[in-house]
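Chain residues, written in single-letter form:
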Amino acid sequence: MKRITQNILAAGIVCMIALQACAGDTAQVKNKTTLQGDNAGLKLPDGFDAIVVAENLGRARHIVVNSNGDIYVKLERLKDGKGILRLRDADGDGKAEQITAFGNYPGTGIAIKNGYLYASSNSGIYRYKLNEKNEVANVDKPENIVKDLADHGEHNAKSITLDNAGNIYVNIGAFSNACQVQNRTKGSPGQDPCPILDVAGGIWQFKADQLNQSYPQGVRYCTGIRNTVGITWNEQANELYAMQHGRDDLHRLFDSLYTEQQNAELPAEEMFLVKKGSNFGWPYCYYDQIQHKKLLGPEYGGNGKDEGRCAGFDKPIYAFPGHLAPNALLFYTGNKFPEKYKNGAFIAFHGSWNRAPEPQAGYFVVFLPFKNGLPDGTWEVFADGFAGSEQDRASGKAKYRPCGLAQGPDGSIYVSDDNAGNIWKISYKGK
Amino acid sequence: MINRICFLSILLGLFFVSISAGLQQKKPSPVVMERGKKVYEKECLGCHQADGAGTPRMNPPLIKTKWVIGPKEQLIKVVMKGITDPLTIGDDEYYNPMPAHTYMTDQDISDVLTYVRNSFGNKASAVTVNDVKAVRAKLK
């Protein structure tokens with residue numbers, strides 16, 4: 001009897017595998033055609049179009065485009081032992097057919113400034129000289145300019161940006177949600193003062209050209225930040241801007257103060273204009289974009305209404321809905337997009353998880369108009385369709401998750417995705 | 001035609017498999033499963049999500065992992081004490097911490113773990129209040 005069962009089962013399994021193999025093939029073909037179709041699967045405003053420059057690169061975090069069009073991609077997980085990719089489109093068809101890899105450390109940050117390529121691991125920063133051919137001169141011997149920064153897993157992405165005075169800025173995310181004695185644990189009180197702020201929870205400034213710097217050589221440029229994966233130097237304003245990931249779990253940790261619906265929207269994802277010495281109030285405060293106030297966090301005695309000591313901290317210059325996870329910030333300085341985009345902000349929202357059981361949101365690139373270095377208008381979705389279907393978005397099972405943004409020398413912008421590892425190029429073709 | 005034979009043989013196979021599985025393992029009662037689901041929604045869903053699939057890089061899935069369907073004592077310990085070191089499942093690392101849940105009652109922990117061990121495609125024995133009590137006594 002057992003034998004018969006086994007045989008029947010075996011036959012069934014063989015059939016199943018055969019059927020699945022076929023089904024798998026068609027799915028793949030379909031997938032390819034959607035990517036090659038209109039705007040490579042993205043929804044864009046009229047007049048824009050998108051192509052996929054490269055696919056399946058791995059965990060493509062931040063990206064930068066060199067003046068010769070080469071794209072550098074920082075990988076959060078090594079691929080064949082390498083953590084930086086250079087993509088080149090030699091034949092000019094828009095697809096990067098030449099891919100080379102170097103760098104033996106995973107990480108998020110990447111930037112180009114004054115003839116150097118800068119890249120970060122989860123605990124330091126390296127730089128590579130670009131030679132007369134505008135290529136990395138020595139892929140195996142970068143200069144280690146910053147090292148031994150806090151890396152405790154949580155919020156360890158060391159995003160970087162450079163100013164015009166020889167400084168590099170690095171996000172050192174707080175390795176905590178709200179600095180409770182026991183992280184993310186119900187009933188555990190908030191530490192006051194929060195010791196994490198000594199080594200993280202801020203943006204640090206270092207010299208772009210000095211080797212082996214760490215905390216003693218750096219300046220804590222601003223503090224009271226939970227995690228700002230998207231940071232950038234704004235050339236027009238000549239100031240630092242950053243997008244913060246707001247705290248999680250207001251409802252799970254304090255269900256008598258916050259409903260599930262409030263937990264989905266609160267707190268805001270804040271946009272900061274960062275000055276030297278700014279303090280944005282994490283972990284003691286969070287920003288409520290509905291009441292337009294910095295409120296006292298519940299771990300520090302807050303009740304969803306009281307400002308307490310938070311009135312004294314620096315405010316955001318703009319506030320987005322909760323948990324959308326802004327992972328990149330880019331000010332558009334090109335001349336190829338319509339006038340309203342000039343000097344405005346593009347923000348890549350990686351997408352939420354902490355909105356559950358409410359539907360998840362985000363997984364798009366947003367545009368926010370700017371004037372004289374400040375937001376001037378309301379945000380709109382610029383590029384959408386990364387998630388797949390609305391159901392994929394709501395369940396958080398997004399196909400692609402926008403993570404990096406870069407502007408190309410031809411005035412187009414690039415978007416990276418760290419889920420499948422795709423890079424899109426978005427250009428303006430006119431109406 | 002081949003499709004139909006396939007289908008029938010799969011059905012038949014599944015039938016025998018489920019009979020033999022049924023002999024080994026009693027399904028937990030719907031009452032316990034319903035209670036466990038409520039606890040799950042309150043204590044676990046925010047991180048591990050409604051379908052137990054977790055969220056990439058942060059919160060691991062509760063689907064057939066060695067913790068979920070493995071020895072009960074280890075699972076109870078994970079929920080009570082939490083885990084702070086990043087953990088790897090398959091190729092994927094998870095960076096957020098799993099908080100301690102010592103404040104949960106023995107009843108709630110047994111219900112939620114019985115629910116988790118028999119949801120999201122998992123099938124494993126129920127966790128009793130006595131199982132939880134025994135682990136709590138050891139942790140003290």
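Calculation rules
- Residues numbered from 1 in each chain as written.
- Chains lettered and ligands numbered in written order.
- Predicted model: local features only at pLDDT ≥ 70, side-chain atom pairs only at ≥ 80, totals over all residues.
- Heavy atoms only, no water.
- Helix = DSSP H or I, 4+ residues; strand = E, 2+ residues; numbered from the N terminus.
- Contact = heavy atoms within 4.5 Å.
- Areas by Shrake-Rupley, 256 points an atom, 1.4 Å probe, with all protein chains shown as cover.
- Buried < 20%, exposed > 50% of the residue type's maximum accessible area, 1.4 Å probe, protein only.
- pLDDT = per-residue confidence, 0-100.
- Pairing = 2+ DSSP bridges.
- Axes fitted to C-alpha atoms, helices over the stretch in contact; angles between N-to-C directions.
- Disulfide = S-S within 2.5 Å.
- Core = buried A, V, L, I, M, F, W, Y, C linked by side-chain atoms within 4.5 Å.
- Lys, Arg positive; Asp, Glu negative; His and termini not counted.
- Salt bridge = Lys/Arg side-chain N within 4 Å of Asp/Glu carboxyl O.
- Polar contact = N/O pair within 3.5 Å; in protein donor to acceptor, adjacent residues only side chain to side chain.

Participant: Lay out the overall build of chain B with the relevant residues and their values.
Facilitator: Check the secondary structure of chain B and you find 7 helices and 2 strands. Along the chain direction, N to C, the helices and strands of chain B fall in the order α-α-α-α-α-β-β-α-α. Counted over contacts in chain B with a minimum sequence separation of 6, partners at least 24 positions apart contribute 58%. For chain B, the accessible area works out to roughly 7,800 Å², and carbon and sulfur atoms hold 62% of it.

Participant: Could you give an account of unusual backbone geometry, naming the residues involved and the relevant values?
Facilitator: Only a minority of non-glycine residues have a phi that is not negative, and only a minority of peptide bonds are not trans. Residues and elements named next belong to chain A. Residue Leu 266 is joined to Pro 267 through a cis peptide bond whose omega torsion reads -10 degrees. Here Pro 267 shows up in the loop between α3 (260-265) and β16 (269-274). Here the residue pair Trp 282 and Pro 283 is connected by a cis peptide bond, since its omega of 5 degrees sits within 30 degrees of zero. Not every positive phi belongs to a glycine, and Cys 179 is a case in point at roughly 55 degrees. With respect to the helices and strands, Cys 179 occurs in the loop between β11 (167-172) and β12 (202-207). Of the residues examined, Cys 179 reaches a relative accessible area of 0% and is grouped as buried. Even without being glycine, Tyr 363 reaches a positive phi, approximately 60 degrees. Counting through the fold element by element, Tyr 363 comes out in the loop between β22 (345-349) and β23 (364-368).

Participant: Give a detailed account of the confidence of the model for chain B, specifying residues and quantitative values.
Facilitator: Residue and element names in this part refer to chain B. On average, chain B scores 87 in pLDDT, and the residues at 70 or more come to 82%. No element of chain B has a lower mean pLDDT than helix α1 (residues 2-24), which averages 48, and none a higher one than helix α6 (residues 106-117), which averages 98. For residues 11-24, every residue scores under 50 in pLDDT, and the model assigns this stretch 6 contacts once sequence neighbours within four places are set aside. Among the prediction metrics, the complex's ipTM stands at 0.83, with pTM recorded as 0.89.

Participant: Let's hear about the sheet that holds β22 of chain A: which residues, and what values?
Facilitator: Residue and element names in this part refer to chain A. Reading across from one edge, β21-β22-β23-β26 is the order of the 4 strands in this open sheet, with antiparallel pairing throughout. Bordering the open sheet on either side are β21 (326-331) and β26 (380-383), each of which pairs with just one other strand. Between one strand axis and the next, the sheet turns by 30 degrees as a mean value, whatever way the strands run. The pairing of β21 with β22 spans 5 bridges and is antiparallel.

Participant: Could you give an account of the state of the cysteines, with specific residues and numbers?
Facilitator: Going through the model one piece at a time under the given rule, you end up with 2 disulfides over all chains. With a sulfur-sulfur separation of 2.1 Å, Cys 285 of chain A is cross-linked through a disulfide to Cys 310 of chain A. The chirality of the disulfide connecting Cys 285 of chain A with Cys 310 of chain A is left-handed, given an S-S dihedral of about -85 degrees. Here the residue Cys 285 of chain A occupies a position in strand β18 (residues 285-288), and Cys 310 of chain A occupies one in the loop between β19 (293-296) and β20 (318-320), the gap between them amounting to 25 residues. By relative accessible area, which is 0% here, Cys 310 of chain A ends up buried. With no disulfide of its own, Cys 403 of chain A has Cys 222 of chain A as its nearest cysteine by sulfur position, at a separation of 20 Å. Between Cys 44 of chain B, a cysteine without a disulfide, and Cys 47 of chain B, which holds the nearest cysteine sulfur, the sulfur-to-sulfur distance is 8.7 Å.

Participant: An account of the nonpolar core is requested, with residue identities and associated values reported.
Facilitator: Residues and elements named next belong to chain A. One finds Tyr 118, Ile 168 and Val 170 to be the most contacted residues of the largest nonpolar core, which totals 29 residues. Elements represented by at least two residues in this core include exactly β7 (116-120), β9 (143-146), β10 (160-162), β11 and β12. In terms of residue count, β11 provides more of this core than any other element does, 3 residues in total. Apart from the residues within four sequence positions on either side, Ile 168 is in contact with Tyr 118, Ile 125, Ile 145, Ile 160, Thr 161, Leu 162, Trp 204, Gln 205, Phe 206, Lys 207 and Ala 208. Of all hydrophobic cores here, the second largest spans 24 residues; its members include Phe 337, Ala 348, Val 365 and Phe 382.

Participant: Please provide a residue-by-residue account of the environment of Ile 84 of chain A, values included.
Facilitator: Residue and element names in this part refer to chain A. Checked against the element boundaries, Ile 84 lands in strand β4 (residues 82-88). With 118 residues separating them in the primary sequence, Ile 84 and Gly 202 have C-alpha atoms 26 Å apart. Once residues within four sequence positions are removed from consideration, Ile 84 is found in contact with Tyr 72, Val 73, Lys 74, Thr 100, Ala 101, Phe 102, Gly 103, Tyr 105, Ile 110, Ala 119 and Tyr 128.

Participant: Outline the side chain of Arg 117 of chain B, supporting the account with residue identities and numerical values.
Facilitator: All names here are of chain B. Locating Arg 117 in the fold gives a position in helix α6. Put simply, Arg 117 is tucked away with no salt bridge, and the nearest opposite charge, on Asp 131, sits 7.5 Å away. From its side chain, Arg 117 meets the backbone oxygen of Gly 70 in a polar contact 2.9 Å long. Not counting the four nearest positions on each side in its chain, Arg 117 is found in contact with Val 68, Ile 69, Gly 70, Lys 72, Leu 75, Asn 122, Lys 123, Ala 124, Ser 125 and Val 127.

Participant: Lay out the sheet that holds β7 of chain A with the relevant residues and their values.
Facilitator: Residue and element names in this part refer to chain A. As summarised here, the arrangement of the 4 strands in space is β6-β7-β8-β9, forming an open sheet in which the pairing is antiparallel. The open sheet has two free edges, formed respectively by β6 (110-113) and β9, since each of these has just one partner strand. Going across the sheet, the axis of each strand differs from the next one's by a mean of 30 degrees, ignoring polarity. Here β7 pairs with strand β8 (residues 125-129) via 5 bridges, running antiparallel. If you follow Ser 120 over to β8, its bridge partner there is Ile 125.

Participant: Residues and numbers for the pattern of salt bridges, please.
Facilitator: Per the counting criterion, the structure on display carries 35 salt bridges over all chains. Notably, a salt bridge pairs Arg 57 of chain B with Glu 76 of chain A, separated by 2.8 Å at the nearest N-O pair. Taken together, the residues Arg 57 of chain B in the loop between α3 (45-48) and α4 (66-69) and Glu 76 of chain A in strand β3 (residues 71-79) connect one chain to another. Side by side, Arg 57 of chain B and Glu 76 of chain A carry an identical accessibility label, which is buried. Taking the shortest distance from any N to any O, the salt bridge between Lys 340 of chain A and Glu 380 of chain A comes out at 2.8 Å. With Lys 340 of chain A in the loop between β21 and β22 and Glu 380 of chain A in strand β26, the pair connects residues that are 40 residues apart, well separated along the chain. Given a relative accessible area of 46%, Lys 340 of chain A falls into the partly exposed group. Through salt bridges with shared partners, a single network forms among Arg 59, Arg 61, Glu 76, Arg 77 and Asp 418 of chain A together with Arg 57 and Asp 92 of chain B.

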